[in-house]
Amino acid sequence: LTPFSASEDMRFTWQGKAGRSPLQALYESDQFEQSTLQAVHQQRREMLSNVCSRYTRKRRLLQPDDLRHLVVDDTHGLLYCYVPKVACTNWKRVMMVLTGQGKYQDPLGIPAHEAHVPSNLRTLSEYSVPEINYRLRSYLKFVFVREPFERLVSAYRNKFTLSYNTAFHKRYGTKIIRRHRQEPSDRALERGDDVRFEEFVYYLLDPRTQQEEPFNEHWERVHSLCHPCIIHYDVVGKYETLAEDANYILQLVGADTSVKFPASSKTTRTTDDMTAQFFQDISPFYQRRLFNLYKMDYLLFNYSIPSYLRIR
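Thresholds, definitions, all that
- Residues numbered from 1 in each chain as written.
- Predicted model: local features only at pLDDT ≥ 70, side-chain atom pairs only at ≥ 80, totals over all residues.
- Heavy atoms only, no water.
- UniProt positions renumbered as here; feature names shortened; annotations may be inferred.
- Helix = DSSP H or I, 4+ residues; strand = E, 2+ residues; numbered from the N terminus.
- Contact = heavy atoms within 4.5 Å.
- Areas by Shrake-Rupley, 256 points an atom, 1.4 Å probe, with all protein chains shown as cover.
- Buried < 20%, exposed > 50% of the residue type's maximum accessible area, 1.4 Å probe, protein only.
- Polar contact = N/O pair within 3.5 Å; in protein donor to acceptor, adjacent residues only side chain to side chain.
- Pairing = 2+ DSSP bridges.
- Axes fitted to C-alpha atoms, helices over the stretch in contact; angles between N-to-C directions.
- Parallel < 35°, antiparallel > 145°, perpendicular 65-115°, else oblique.
- Left-handed = near helix turned anticlockwise from the far one by under 90°.
- Nonpolar A, V, L, I, M, F, W, Y, C, P; charged D, E, K, R; others polar.
- Salt bridge = Lys/Arg side-chain N within 4 Å of Asp/Glu carboxyl O.
- Core = buried A, V, L, I, M, F, W, Y, C linked by side-chain atoms within 4.5 Å.
- Domains from an automatic or database assignment.
- Disulfide = S-S within 2.5 Å.

Per an unreviewed UniProt entry, the chain carries the name Carbohydrate sulfotransferase and comes from Hylia prasina. Taken from UniProt, the Sequence similarities (unreviewed entry) comment for the chain reads in full: "Belongs to the sulfotransferase 2 family." UniProt annotates the chain under Subcellular location (unreviewed entry) with the comment "Golgi apparatus membrane".

## Details of the overall build of the chain
In terms of helices and strands, the chain carries 15 helices and four strands. Long-range pairs, those at least 24 residues apart, make up 72% of the contacts in the chain with a sequence separation of at least 6. When the accessible surface of the chain is totalled, it reaches about 15,600 Å², and 49% of it is carbon and sulfur.

## A few points about the environment of Thr241
If you trace the backbone, Thr241 turns up in the loop between strand S4 (235–238) and helix H12 (242–252). Judged by its relative accessible area of 22%, Thr241 is partly exposed. Within the local environment of Thr241, its side chain forms a polar contact with the side chain of Asp245, the two groups lying 2.7 Å apart.

## A look at the sheet that holds strand S1 (residues 70–73)
Judged by pairing direction, the sheet is mixed, and its four strands sit side by side in the order S1-S2-S3-S4 without closing on themselves. A single partner strand is all that each edge strand has here, and the edge strands are S1 and S4. Going across the sheet, the axis of each strand differs from the next one's by a mean of 25 degrees, ignoring polarity. Of the pairings in the sheet, the one linking strand S2 (residues 78–81) to strand S3 (residues 140–145) comprises four bridges and is parallel in character. Residue pairing in the sheet places Leu78 in a bridge with Leu140 of S3. Relative to S3, H12 is tilted by about 170 degrees, and along the sheet it contacts S2, S3 and S4.

## So, the packing of helix H9 (residues 197–205) against helix H14 (residues 284–293)
H14 packs onto H9 with a crossing angle of 55 degrees between their chain directions and a minimal axis gap of 10 Å. One finds that H9 runs oblique with respect to H14. The element H9 and its partner H14 pack so that their crossing is left-handed. Contacts from Val201, Tyr202, Leu204 and Leu205 in H9 reach Tyr286, Arg289, Leu290 and Leu293 in H14. Partitioning the contact of H9 with H14 into residue classes produces seven nonpolar, no polar and one charged.

## Quick look at the environment of Ala246
Considering the arrangement of structural elements, one finds Ala246 in helix H12. When the C-alpha positions of Ala246 and Pro262 are compared, they lie 9.5 Å apart, and in sequence the two are 16 residues distant. Apart from the residues within four sequence positions on either side, Ala246 is in contact with Trp91, Phe144 and Phe261.

## Some words on H9
Most of H9 is tucked away: seven of the nine residues are buried. Buried residues along H9 sit against helix H6 (148–160), helix H7 (166–180), helix H10 (207–212), helix H13 (272–279) and H14.

## Side note on the pattern of salt bridges
As enumerated under the stated definition, the model contains 19 salt bridges in all. Where Arg122 meets Glu126, a salt bridge forms, and the shortest distance between an N and an O atom there is 3.7 Å. Residue classification places Glu126 among the partly exposed positions, given a relative accessible area of 44%. Members of the salt-bridge network, linked through shared partners, are Arg171, Lys175, Arg179, Glu212 and Glu213.

## Notes on the nonpolar core
Judged by nonpolar contacts, the single largest core of 91 residues is most densely connected at Trp91, Phe149, Phe200, Leu204, Trp219, Leu290 and Tyr294. Of the domains in this structure, domain 1 (22–147 + 221–253) and domain 2 (149–218 + 270–301) are the two that each give at least three residues to this core. With residues up to four places along the chain from it excluded, the contact list for Phe200 reads Leu152, Tyr156, Phe160, Ile176, Val195 and Trp219.

## Describing the state of the cysteines
One pass over the structure, following the stated rule, counts two disulfides. A sulfur-sulfur separation of 2.0 Å characterises the disulfide bridge that pairs Cys52 with Cys229. When the S-S torsion is -85 degrees, as for the bridge of Cys52 with Cys229, the disulfide is left-handed. Of this pair, Cys52 sits in helix H2 (residues 34–55) while Cys229 sits in the loop between helix H11 (222–226) and S4, and the two are 177 residues apart along the sequence. Residue Cys52 is classed as buried on the basis of its relative accessible area of 9%. In this structure Cys229 comes out as buried when scored by relative accessible area, which is 13%. With its sulfur 2.0 Å from that of its partner, Cys81 forms a disulfide with Cys226. Taking the sign of the S-S torsion, -90 degrees for the link of Cys81 and Cys226, the bridge is left-handed. Pair noted here: Cys81 is in strand S2 and Cys226 is in helix H11, with a separation of 145 residues, a long-range link. With a relative accessible area of 2%, Cys226 lands in the buried category.

Shown next as structure tokens:
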């Protein structure tokens, strides 16, 4: 299989409805503050490009396995790289509405588990090499990102503190406890359902972890999931500006005005203050090591070092 490359000049070659480019569509729209949004997204693309050129010495070619997170909407000419714990359930619901030929009307009418059924959405890895190259070259490409440690704590809370996630407890919890807890009980070794955040950090930093297999997608770095230094994203959305950025993308691709990104209603959402509490008991030594592990995501997406870290 021939590898694929995504060259710098692929940005904004996508043609929307009636042959209009996204920028033309944007200029003609008076439904939101064009210049401000355009400037914000231009700034994010430039930041990404600058960091990539500074830290990426050798450009490698994409392999089919790199494309498993890119969801395809052939109707609207859209590629979405999904990142777990960054509103990806709602984005998959929206993508199902966009690609469903009228089968789905309301994203929130789609059960969360349905959104994660692989057969409900096509990913770019399922296409032939010429089809992949065409879509990388001509579709609008977007990704959503989040403050890295906030996303990490959100993943920990979801996968290790909720009783129903038994598959994660068995798959990862038992291994984490066996390796990183002194004198674990037989119950803990069997069930793996009481992993402490500190133990989760030790697991992430243990050299054996990545030697044995790649990180699970819920705590894998965004740059490893979505390859933003190889694939040039037209829009880098942020969890912190989710509603505005989602609306911007839907308007860019000429989605039907009835398609709305679901408003967030979760009161259990992981916040910066909550994240700070989880890091209170992590020593400065391990805080620094963990920051270095996620450093590229901080740099690429312009997140500052959290004020609660004791690594300065």
